[in-house]
Amino acid sequence: MRKFMTTTAMAALMVAGCGLAAHAEDVKEVQMLHWWTSGGEAAALNVLKGDLAKEGFAWKDVPVAGGGGDAAMTALKAMVAAGTYPTASQMLGYTVLDYAAAGVMGDLTETAVKEGWDKSVPAALQKFSVYDGKWVAAPVNVHSVNWLWINKAVMDKIGGTEPKTFEDLVALLDKAKAAGVIPLALGGQNWQEATMFDSIVLSTGGPEFYKKAFNDLDEESLKSDTMKKSFDNLATIIKYVDPNFSGRDWNLATAMVIKGDALVQVMGDWAKGEFVAAKKTPDTDFLCYRFPGTDGSVIYNSDMFGMFNVPDDQKAAQVALATATLSKSFQSAFNVVKGSVPARTDVPDTDFDACGKKGIADLKAANDGGTLFGSLAQGYGAPPAIANAYKDVVSKFVHGQIKTSDEAVTELVKAIDDAR
């Protein structure tokens, strides 16, 4: 971890110093810091670049790969400290609010009011894109993390069916193992492991338990037998990964499923963007199921473009970016490619594939039914310090540094208390 942080910090300083030391001279340029570097992500981002090009705005890409966004946020921290703000940065939930509280975010309220964002953006997203009555970020999408992505040819080969319970999932993984296929594709990085654990906790404890534990941070829930059982289930499922999983990037794990080297990946619906980029089709080449035991609930995150308080001569580019991001046409075209669903409730599902249509319907049902929950692993359950403490404990358990579920529960409660 020390080596990674040192490398990341050095990369952040290089980004801050290369090309961003001065604000763009051309007001018709958008500088965007982001971590969308996989094939599917890059294809989705090209939709936005094309829309802005039609409006006469050049695009200055500032990609920072690695860590599920952690490396990019380290780079952003260095840039903000140096006063070299980008036009916008890809950000998640509580990170937006942290920068807004620091007084460095811009104000999109005039644009938001003119375009009626308050009527089309779900309240769960407005909680993170509006600060002190001002719109400071433009929501790009809604991702949900409680998905299974399955190679259909492998599924057919082993005679598998959709798992409805955790026990069904274990039985399915056993079938894949017996057939000589890697059962579970996973990258051994803390954010991937914790993202999977989000789903396990929801499956093990149910919606109310997940909310109490991972959104309300209720200590009784965090130290409960149900949380211990969740770690027991994590210990069970982690036995089905291959020996080389440690450090693997998420999209490489997705590629294992796409190629049929592995049966299933537990990952957010950004994984579907990789299947789309590989020209794969739902129900023909791959299957999308909710993590067993989580049907009816959605654990979400949302990519947002946080808008900084840039000089006046750059604000026209910022408004153009915000307007393009929340246009109905972009919300449809981008999310079809990205694998996510629109951040607006009034975008039709016409152009979405079967998994996209299910995602849109599931989001609406969860939003209406009170079972839409922020992902703790993805920065929507609690502030970054707590999310990082959570990811650290889960990863130590996965990699054997924490030996038992009882110890994991104790360490989780302590880590979250220390981070509060």
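Looking at an unreviewed UniProt entry, one finds the protein named Probable sugar-binding periplasmic protein, with Rhizobium herbae as its source organism. UniProt's Function (unreviewed entry) comment on the protein is quoted here verbatim: "Part of a binding-protein-dependent transport system for a sugar." Annotation of the protein in UniProt includes, under Subcellular location (unreviewed entry), the sentence "Periplasm".

Engineer: Would you mind going over the environment of Gly-260 in detail, with residue names and values included?
Structural biologist: Looking at the element boundaries, Gly-260 is found in the loop between α14 (250-259) and β10 (262-266). Taking C-alpha positions, Gly-260 is 13 Å from Lys-177, a pair spaced 83 residues apart along the chain. Not counting the four nearest positions on each side in its chain, Gly-260 is found in contact with Asn-151, Val-154 and Val-181.

Engineer: Requested: an account of helix α17 (residues 328-338), with residues and values cited.
Structural biologist: Within α17, the full set of buried residues consists of Phe-330, Gln-331, Ser-332, Phe-334, Asn-335 and Lys-338. Positive backbone phi, at 100 degrees, marks Gly-339, one or two positions downstream of α17.

Engineer: Can you lay out the sheet that holds strand β1 (residues 29-34) for me, pointing to particular residues and giving the numbers?
Structural biologist: Strand order in the open sheet formed by five strands is β2-β1-β3-β13-β6, and the pairing between neighbours is mixed. Edge strands, defined here as strands with exactly one partner in the open sheet, are β2 (58-63) and β6 (137-139). Pairwise comparison of adjacent strand axes, ignoring direction, gives a mean angle of 30 degrees for this sheet. Sheet analysis places β6 next to strand β13 (residues 303-307), joined by three bridges and oriented antiparallel.

Engineer: I'd like a rundown of the packing of helix α13 (residues 225-237) against helix α19 (residues 384-398), residues and numbers included.
Structural biologist: With their axes 10 Å apart at the nearest point, α13 and α19 run at an angle of 50 degrees to one another. In terms of axis orientation, α13 runs oblique to α19. You can see that α13 and α19 cross each other, and the crossing is right-handed. Between α13, through Phe-231, Leu-234 and Ala-235, and α19, the contact on the second element is made entirely by Val-394, Phe-397 and Val-398.

Engineer: Talk me through the domain arrangement of the protein; I want residue IDs and the actual numbers.
Structural biologist: Here the domain parsing of the protein yields domain 1 (28-143 + 301-362) and domain 2 (146-300 + 378-419). For domain 1 and domain 2, the distance between their C-alpha centroids amounts to 26 Å. Listed by partner, the interface residues are 32 residues for domain 1 and 30 residues for domain 2. Roughly 2400 Å² is buried in total at the junction of domain 1 and domain 2, and carbon and sulfur atoms are behind 58% of that figure. Area buried by domain 1 at its contact with domain 2 is led by Tyr-94, Asn-301 and Cys-355, which between them contribute 25% of it.

Engineer: Describe the pattern of salt bridges, with residues and values.
Structural biologist: All chains considered together, the criterion is met by 20 salt bridges. Asp-118 is the partner of Lys-119 in a salt bridge, and the nearest nitrogen-oxygen pair spans 3.9 Å. What makes Asp-118 partly exposed here is its relative accessible area of 44%. In this structure, the salt-bridge partner of Asp-392 is Lys-396, at a minimum N-O distance of 3.4 Å. Within this pair, Asp-392 and its partner Lys-396 are both found in helix α19, separated by four residues, close to a single helical turn. By relative accessible area, Asp-392 is classed as partly exposed at 31%. Taken together, the shared-partner salt bridges connect Arg-290, Lys-358 and Asp-362 into one network.

Thresholds applied
Residues numbered from 1 in each chain as written. Predicted model: local features only at pLDDT ≥ 70, side-chain atom pairs only at ≥ 80, totals over all residues. Heavy atoms only, no water. UniProt positions renumbered as here; feature names shortened; annotations may be inferred. Helix = DSSP H or I, 4+ residues; strand = E, 2+ residues; numbered from the N terminus. Contact = heavy atoms within 4.5 Å. Buried < 20%, exposed > 50% of the residue type's maximum accessible area, 1.4 Å probe, protein only. Pairing = 2+ DSSP bridges. Axes fitted to C-alpha atoms, helices over the stretch in contact; angles between N-to-C directions. Parallel < 35°, antiparallel > 145°, perpendicular 65-115°, else oblique. Left-handed = near helix turned anticlockwise from the far one by under 90°. Domains from an automatic or database assignment. Buried area = accessible area lost by both parts, 1.4 Å probe. Salt bridge = Lys/Arg side-chain N within 4 Å of Asp/Glu carboxyl O.

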